[in-house]
Amino acid sequence: WFVSEVSQMVECFSSFTLSSGKCGNLLGPVEKNSCCLNPSYGYKEADGDCRSCGRAAWSEWTPWGECSVSCTEGVSQRRRSCHGIGNCLDPDNLGKVQTKPCVKKACCPVEGGWSEWGNWQLCSVTCGDGVRKRRRTCSEPFPQCGGSCSGAEEEITPCSTEIICPTHGGWSSWGSWGPCPVTCFYEGHSPQKELRKRTCTNPPPSTVPRGNLCEGSDTESRPCSGLPFCPVDGNWGAWAGHTPCSVTCGVGQQTQRRICDSPKPAHGGKQCRGEEQQTGICVIPDNCPLNGIWTEWGEWSACKPPSTRNIRCRYREGKRRRERDCVDRKYNGDSCDGEIVQHGSCYDIEDCELNGVLSEWSLWSYCKPDCGPNSVQIREMKCVADLSSYNSQDPAIFAGDPRVKCDGLKEQTESRPCKNVPVCMDKVVMLCSELMFIHFY
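The following paragraphs examine the structure supplied in this document. Just so it is clear, the structure is predicted and the values come from calculations on it, not from any experiment. The written sequence of each chain sets the order in which its residues are numbered from 1. Where local features are concerned, this predicted model is filtered to residues with pLDDT of at least 70; where side-chain atom pairs are given and counted, the filter is 80 or more; whole-chain, interface and lining totals use all residues. Processing note: side-chain calculations cover all non-hydrogen atoms of the structure and skip hydrogens and water entirely.

1. Structural notes on the overall build of the protein chain
Thought 1: Secondary structure elements are defined from DSSP: runs of H or I of at least 4 residues count as helices, runs of E of at least 2 residues count as strands, and each element is numbered from the N terminus. Looking only at helices and strands, one finds two helices and 24 strands in the protein chain.
Thought 2: The quantity called the radius of gyration is restricted to C-alpha atoms. Its globule counterpart is 2.2 Å times the number of residues to the power 0.38. Whereas a compact globule of 441 residues would reach a radius of gyration of roughly 22 Å, the protein chain reaches 41 Å, over 25% beyond that.
Thought 3: Principal axes of the C-alpha set define a box for the protein chain whose edges measure 120 × 85 × 65 Å.
Thought 4: Burial classes follow relative accessibility: with a 1.4 Å probe on protein chains only, a residue under 20% of its type's maximum area counts as buried, one over 50% as exposed, and anything between as partly exposed. Evaluated residue by residue, the protein chain yields a buried proportion of 24% over its 441 residues.
Thought 5: By definition, residues are in contact when any of their heavy atoms lie within 4.5 Å. Restricting the contact set of the protein chain to residue pairs at least 6 apart, pairs at least 24 apart contribute 67%.
Thought 6: Accessible surface area values rest on a Shrake-Rupley calculation with a 1.4 Å probe, where residue burial reflects the displayed protein chains alone. Of the accessible surface of the protein chain, which amounts to about 30,000 Å², a share of 52% is contributed by carbon and sulfur atoms.
Thought 7: With 49 positive and 53 negative side-chain charges, the protein chain shows a separation of 2 Å between the mean positions of the two kinds. When charges are counted, Lys and Arg contribute as positive and Asp and Glu as negative, whereas His and the chain ends are disregarded. Note on charges: their place is set at NZ of Lys, CZ of Arg, CG of Asp or CD of Glu.

Written out as structure tokens, the structure is:
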């Protein structure tokens, strides 16, 4: 992980989250090689994307996305990303995107139709101007599958009783509080009073017909409150020494502190301006521990009898073993947990003549390709060895390749199209380019 020559400057972060691909806790600018002395760190280059200092690893699959259509059958997709140094292994060829059919709603909404308007209601007031209403129902026909009718269910029109209503007086909003006679409040003194007023003008009472006057007083008073003691502004003391570096390897941080005590702020005085703490980068030029990881299990050894008795093509169990290695452990990192050797039982069916049977239908595959109109799913029914006479039918326990008699058995493959699959982005880009070329010329 450590490279001696000078590398490019990057923004270094002390954490990288594999599930989100995001960096956390910015340490500051440093050389890329120095940042990646710790494989759990992350960094950003000029493009702004966060990258991991660790070995290449897949993120978890995202949750399945929304169905591509809101009704009838569509497809849902989920994704994963490869983060770290190098390329992620993909022995099962799962890729970065998986696509499956989905049905959010079995049918699509169908709009209904309005009935005829009902009769107009009475006017809403007994004097002055009001409104009257009439209604209709969404029932000719009724909507289907969550549909509705377009337009308003209710219609409103103005109406007049031709009778004048009296207007009762209403208070305006209170005015602003008047100023207090002092700007600093001294202990032991009785507080002065501040006043505010309002008027009976919102609205004023009518004279014909006569409206009621406003109830209550037009003046309000209160003691002056919230006045500060005369202020003393604060000032910073001297910076204290640096703290030790936060890490024992790679890039960390160290801080200095100061206290707002020369003097302290008092009686509403201003706090000290600026930061109480400042942080700087420190580099410990030692590689951080790199824990070992297991390789994949090796091939099983030959299935051997536990005694001198022959077990090939018999119903007797044998024994076999396989091994794996703990690799990439560096700089006093932890060794791998678990065993280096695995022992297992087995049946030796190498070159044995066995009757064949048709397997059950396999599960439907994921939609392939992941975009475009030709995406399909497949499932298969294959001829496999009949292992029902053995104590275990787990395929993993059988060693060797038997000669399977499949006469008269017909293997089958079925496929079905995937619906509403997203359009391939490369085709969308090509179409946009063609439209821009036609528009230009």
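2. Focus: the packing of aromatic side chains
Thought 1: Ring pairs shown here join Phe, Tyr and Trp side chains whose ring centres sit within 6.5 Å, with only the six-membered ring taken for Trp; geometry is labelled stacked below 30 degrees between planes, edge-to-face above 60, and tilted in between. Scanning the entire structure with this criterion turns up five aromatic pairs.
Thought 2: Taken together, a centroid distance of 6.2 Å and an interplanar angle of 35° make the contact between Trp-64 and Tyr-366 tilted. Of this pair, Trp-64 sits in the loop between β5 (57-58) and β6 (73-79) while Tyr-366 sits in the loop between β19 (353-358) and β20 (376-381), and the two are 302 residues apart along the sequence.
Thought 3: Of the residues examined, Trp-64 reaches a relative accessible area of 29% and is grouped as partly exposed.
Thought 4: On the basis of relative accessible area, Tyr-366 is assigned to the partly exposed category, the value being 34%.
Thought 5: Each member of the aromatic cluster is reached from another via a ring pair, and the members are Tyr-315, Tyr-347, Tyr-390 and Phe-398.

3. Description of the nonpolar core
Thought 1: For the purposes of this section, nonpolar cores are sets of buried Ala, Val, Leu, Ile, Met, Phe, Trp, Tyr and Cys residues that join through side-chain atoms within 4.5 Å. If you look at the biggest cluster of nonpolar residues, it comprises 10 residues: Val-10, Cys-12, Leu-27, Val-30, Cys-35, Cys-36, Tyr-41, Tyr-43, Cys-53 and Val-251.
Thought 2: At the level of elements, β1 (9-17) and β2 (22-31) are the ones that each hand at least two residues to this core.
Thought 3: When neighbours within four sequence positions are excluded, Tyr-43 is seen to be in contact with Val-10, Glu-11, Phe-13, Cys-23, Lys-32, Cys-35, Cys-36, Asp-49, Cys-50, Arg-51, Ser-52 and Cys-53.
Thought 4: In this structure, Tyr-347, Cys-352, Leu-354 and Ala-385 belong to the second largest nonpolar core, which totals nine residues.

4. Topic: the side chain of Glu-194
Thought 1: Within the element layout of this structure, Glu-194 appears in strand β11 (residues 193-197).
Thought 2: Side-chain polar atoms of Glu-194 contact the side chain of Arg-222, separated by 2.3 Å. Whenever two N or O atoms come within 3.5 Å, that pair is a polar contact, provided that in protein one can donate a hydrogen and the other can accept it, and provided that, for residues adjacent in sequence, both atoms are side-chain atoms.

5. Section: the sheet that holds strand β21 (residues 383-385)
Thought 1: When DSSP finds two or more bridges between two strands, those strands count as paired. Spatial strand order, β21-β19-β23: three strands in an open sheet with mixed pairing. Pairing within the sheet leaves two strands with one partner each, and these edge strands are β21 and β23 (403-405). Across this sheet, the average inter-strand angle for adjacent strands is 45°, counted without regard to direction.
Thought 2: Strand direction decides the pairing type here: β19 and β21, joined by three bridges, are antiparallel. Pairing of Val-357 across the sheet is with Val-384, part of β21. Axis definition: a line fitted to C-alpha atoms, limited for helices to the stretch in contact. Angles are taken between N-to-C directions and run from 0 to 180 degrees.

6. Some thoughts on the layout of surface pockets
Thought 1: In the cavity and pocket records, a cavity denotes points on a 1 Å grid over the protein atoms alone where a 1.4 Å probe fits but cannot get out, a pocket denotes an open set with protein on both sides within 12 Å along at least 5 of 7 lines, and lining residues are residues with an atom within 4 Å of a point. Grid points are joined across faces, edges and corners, and a volume is the space filled by probe spheres set on the points. Roughly 400 Å³ of internal volume is contained in the largest pocket.
Thought 2: Broken down by secondary-structure element, the contributors of at least two residues to the lining of the largest pocket are β5 and β15 (293-294).
Thought 3: Classifying every residue of the lining of the largest pocket by side-chain character gives 10 nonpolar, two polar and five charged. Under the scheme applied, nonpolar residues are Ala, Val, Leu, Ile, Met, Phe, Trp, Tyr, Cys and Pro; charged residues are Asp, Glu, Lys and Arg; polar residues are all the others, including Gly.

7. Focus: the pattern of salt bridges
Thought 1: Salt bridge, as used here: a side-chain nitrogen of Lys or Arg that lies within 4 Å of a carboxyl oxygen of Asp or Glu. In this structure the tally under the stated criterion is 18 salt bridges.
Thought 2: For the salt bridge of Glu-154 with Arg-135, the shortest nitrogen-to-oxygen distance reads 3.2 Å. Of this pair, Glu-154 sits in strand β10 (residues 154-160) while Arg-135 sits in strand β9 (residues 129-135), placing them 19 residues apart in sequence.
Thought 3: The class of Arg-135 is partly exposed, set by a relative accessible area of 40%.
Thought 4: Counted as one network, the salt bridges with shared partners bring together Lys-32, Glu-45, Asp-47 and Arg-51.

8. Points about the sheet that holds strand β22 (residues 398-399)
Thought 1: Spatially, the three strands line up as an open sheet ordered β16-β18-β22, and their pairing is mixed. In this open sheet, the two strands that pair with only one neighbour each are β16 (318-323) and β22.
Thought 2: Sheet topology note: the β16/strand β18 (residues 341-348) ladder contains six bridges and is antiparallel. Bridge assignment links Arg-321 to a residue of β18, and that residue is His-343.

9. Brief notes about the environment of Arg-257
Thought 1: Note that Arg-257 resides in strand β13 (residues 250-257).
Thought 2: Exposure remark for Arg-257: the relative accessible area of 48% places this residue in the partly exposed category.
Thought 3: For the pair formed by Arg-257 and Leu-354, sequence separation is 97 residues and the distance between their alpha carbons is 80 Å.
Thought 4: Setting aside its immediate chain neighbours within four residues, Arg-257 contacts Ala-238, Trp-239, Ala-240, Glu-276 and Gln-277.
Thought 5: Side-chain polar atoms of Arg-257 contact the side chain of Gln-277, separated by 2.7 Å.

10. With respect to the state of the cysteines
Thought 1: Working definition: a disulfide is two cysteine sulfur atoms within 2.5 Å of each other. Scanning the model with the defined rule gives 21 disulfides in all.
Thought 2: Between the sulfur of Cys-123 and that of Cys-159 lies a disulfide, 2.0 Å long from S to S. Between Cys-123 and Cys-159, the disulfide has an S-S torsion of 85° and is therefore right-handed. Here the residue Cys-123 occupies a position in the loop between β8 (97-103) and β9, and Cys-159 occupies one in strand β10, the gap between them amounting to 36 residues.
Thought 3: We classify Cys-123 as partly exposed; its relative accessible area is 27%.
Thought 4: The exposure class of Cys-159 is buried, given its relative accessible area of 13%.
Thought 5: Covalently, Cys-326 is tied to Cys-336 through a disulfide, its sulfur atoms 2.1 Å apart. Given an S-S torsion of about 80°, the disulfide between Cys-326 and Cys-336 has right-handed geometry.

11. Things to note about the environment of Cys-303
Thought 1: With respect to the secondary-structure elements, Cys-303 resides in the loop between β15 and β16.
Thought 2: When its relative accessible area of 10% is taken as the criterion, Cys-303 is described as buried.
Thought 3: Separated by 30 residues in sequence, Cys-303 and Arg-273 have C-alpha atoms that sit 78 Å apart.
Thought 4: With sequence-adjacent residues up to four places away left out, Cys-303 is seen in contact with Ile-311, Gly-318, Lys-319, Arg-320, Cys-346, Tyr-347, Asp-348 and Ala-399.

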